[in-house]
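Per-entry structural report
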Amino acid sequence: MQTAHICPECYAADKRITPLLRPEECLLHHRQYICCTCGRCICADVDDKGKFRALFPFKTLAIAILYLRAAEVIWEQACGIYEIEDTKGRKQYKIFPSVEALNDYLQQNKQKHCSLQPLFTTPHYKDCSPEQLRRLSTEEVAIYMKEKQLKTL
């Protein structure tokens, strides 16, 4: 049995798994982090209010891991993924740059709680080059989408 190779830079086994939602639209209109190791694109677009995809809650730990590298690049530091549970028992997974940021979030969201131990973290931050954080050309998007579609067939 063959095990999946996990990219040491972006933590993914599938180099074309992202973007998950409306991939072509995301690739065409959002800034992407481009992994130097496997070439995977991760949405790293920041809106006018400082919000970006990696700030939002994720349904699973596996999905959160797919966006971890973009969060690290935007925050310029190693980050952790935490399981957040609300008073109704619903779980979500969020990326935080520090325990202090997690505590601030929990203070503002009293109905949520979690262990202060991350489920997944990286040991240290690795900087990226300016070429890795940019918008793709239409040609790059077309090639990426073709590779993504071939992967699903």
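Quick caveat, the model's predicted, so the values are computed rather than measured.

**Considerations on the sheet that holds strand E7 (residues 133-134)**
One key point about sheets: their strands pair by backbone hydrogen bonds, in either a parallel or an antiparallel sense. Reading across from one edge, E2-E1-E7 is the order of the three strands in this open sheet, with antiparallel pairing throughout. Each edge of the sheet is formed by a strand with only one pairing partner; in this case those strands are strand E2 (41-43) and E7. As paired strands, strand E1 (residues 32-34) and E2 are joined by three bridges and run antiparallel to one another. Directly across from Gln 32, in E2, lies its bridge partner Cys 43. Seen against the sheet, helix H2 (residues 61-75) touches E1, E2 and E7 and runs at an angle of roughly 70° to E2.

**Examining the pattern of salt bridges**
Per the counting criterion, the structure on display carries seven salt bridges. Residue Glu 83 is joined to Lys 91 by a salt bridge in which the shortest nitrogen-to-oxygen separation is 4.0 Å. For Glu 83, a relative accessible area of 27% corresponds to the partly exposed category. Residue class for Lys 91 comes out partly exposed when judged on its relative accessible area of 46%. A salt bridge links Arg 134 to Glu 140; the nearest nitrogen and oxygen atoms lie 2.7 Å apart. Note on Arg 134: relative accessible area 29%, which makes it partly exposed.

Cut-off values and rules
Residues numbered from 1 in each chain as written. Predicted model: local features only at pLDDT ≥ 70, side-chain atom pairs only at ≥ 80, totals over all residues. Heavy atoms only, no water. Pairing = 2+ DSSP bridges. Helix = DSSP H or I, 4+ residues; strand = E, 2+ residues; numbered from the N terminus. Contact = heavy atoms within 4.5 Å. Axes fitted to C-alpha atoms, helices over the stretch in contact; angles between N-to-C directions. Salt bridge = Lys/Arg side-chain N within 4 Å of Asp/Glu carboxyl O. Buried < 20%, exposed > 50% of the residue type's maximum accessible area, 1.4 Å probe, protein only.

In short, shape yes, function no, at least from these values alone.
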